[in-house]
Amino acid sequence: MSIFLPELKYGLDKLDPFLSHKAMDFHYNKHFVNYVNAANAIIKGTEYDSQSLRTIVKTSSGPLFNNAAQVLNHEIFFNSISPRETPVPPQIEALISENFNSVEDFKDQLFKVSATHFGSGWTWLVLDPASGKLELRNTVNAANPITDGLAVLLGLDLWEHSYYLDYQNRRPDYVKAFLNHIDWSYVERHYLRNTVK
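Let me begin by describing the structure that accompanies this report. No experiment lies behind these values; they were computed from the predicted model shown. (Residues numbered from 1 in each chain as written. Predicted model: local features only at pLDDT ≥ 70, side-chain atom pairs only at ≥ 80, totals over all residues. Heavy atoms only, no water.)

### A short note on the sheet that holds strand β2 (residues 134-140)
Sheet strands line up and pair through hydrogen bonds in the backbone, either parallel or antiparallel. Just so we agree on the cut-off: When DSSP finds two or more bridges between two strands, those strands count as paired. Put simply, DSSP H or I for four residues or longer makes a helix, DSSP E for two residues or longer makes a strand, and each gets a number counted from the N terminus. Think of each axis as a best-fit line through the C-alpha atoms, taken over the contacting stretch in the case of a helix, with angles from 0 to 180 degrees between the N-to-C directions. The contact definition used throughout considers only heavy atoms, calling two residues in contact when any of these lie within 4.5 Å.
Read from one edge of the open sheet, three strands run β2-β1-β3, paired in antiparallel fashion. Sheet topology places β2 and β3 (151-157) at the edges, where each strand pairs with a single neighbour. Ignoring which end each strand starts from, the neighbouring axes of this sheet average 25° apart. Relative to β2, strand β1 (residues 121-127) runs antiparallel, the two sharing seven bridges. If you follow Gly 121 over to β2, its bridge partner there is Val 140. Across the sheet, helix α8 (residues 184-193) lies against β1 and β3, angled at about 150° from β3, the strand it touches most.

Printed below as a string of structure tokens:
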């Protein structure tokens, strides 16, 4: 089983002005493609060659983990965003309100933890399947919370390559724009996938 570059659900030019066509082309067709190619080169002819991407991320280390996790991380990020603001499904709004007081409070907290994160990494909305609780979690470099047994519902790329062409060093502006482009239907699908038996 090879690791594939997932097709985007929108055109590279459809997120402008949140993310320009140039920034998306660079991010998707260069950075993302490089992670896919590097991961495939490493797994070729190994026991990982027949495993799923998530299994590889959960069980590998070193260069393979770094590249495979970045493939998964980018897949989550690109699916977490939408060309336009989407409505929050009632069940997700209730869940967000239960864990963060309100959707607006959730956005405020996401903004704070993302904008102040030091260096490269990610901000995630995660579900603890054991408790049913939601939390925001930052990780560094390629780390993904699935290695801690958590389910990822939303991901925000904080590596400079994700925003520098459009925002330079203004990460807070990038995060603020992200908040208006969350694909809440993606959040709902992944919540249901991890709770409905």
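After that view, the rundown keeps rolling.
### Concerning unusual backbone geometry
Operational definition: Categorising residues by exposure relies on relative accessible area from a 1.4 Å probe, with only protein chains included: less than 20% of the type maximum marks a residue as buried, more than 50% marks it as exposed, and the intermediate range marks it as partly exposed.
The linkage connecting Asp 16 with the following residue, Pro 17, adopts the cis geometry, with an omega of 10°. Tracing the backbone through its elements, the reader meets Pro 17 in the segment before α1 (21-43). Phi at Asn 101 takes a positive value of approximately 85°, unusual for a residue other than glycine. A positive phi angle is found at Gln 168, which is not glycine, with a value near 50°. Tracing the backbone shows Gln 168 in the loop between α6 (164-167) and α7 (171-178). The exposure class assigned to Gln 168 is partly exposed, which follows from its relative accessible area of 33%.

### Regarding the pairing of β1
Of all the seven residues making up β1, seven are buried; the element is thus mostly covered by neighbouring parts of the structure. On β1, burial covers both faces: Gly 121, Thr 123, Leu 125 and Leu 127 on one face and Trp 122, Trp 124 and Val 126 on the other are all buried. Linking β1 to β2, which pair antiparallel, is a turn of six residues; within it Gly 132 sits at a positive phi near 80°. Pairing analysis gives six bridges linking β1 to β3, with the strands arranged antiparallel. By the bridge assignment for β3, Leu 125 is matched with Leu 154.

### Things to note about the packing of helix α4 (residues 90-100) against helix α5 (residues 103-115)
Operational definition: Here the word oblique covers every angle except those under 35 degrees (roughly parallel), over 145 (roughly antiparallel) and from 65 to 115 (roughly perpendicular). Note: crossing handedness is left-handed where the near helix turns anticlockwise from the far helix by less than a right angle, and right-handed where it turns clockwise. Three categories are distinguished: nonpolar for Ala, Val, Leu, Ile, Met, Phe, Trp, Tyr, Cys and Pro, charged for Asp, Glu, Lys and Arg, and polar for the others, with Gly belonging to the last.
In contact at an axis separation of 8 Å, α4 and α5 are set at 60° when each is read in the N-to-C sense. By the angle between their axes, α4 is oblique relative to α5. Considering only the axes of α4 and α5, their crossing is left-handed. Here Glu 93, Ile 96, Ser 97 and Phe 100 of α4 come into contact with α5, specifically with Val 103, Asp 105, Phe 106 and Gln 109. When the residues that make up the contact of α4 with α5 are grouped by side-chain class, the tally is four nonpolar, two polar and two charged.

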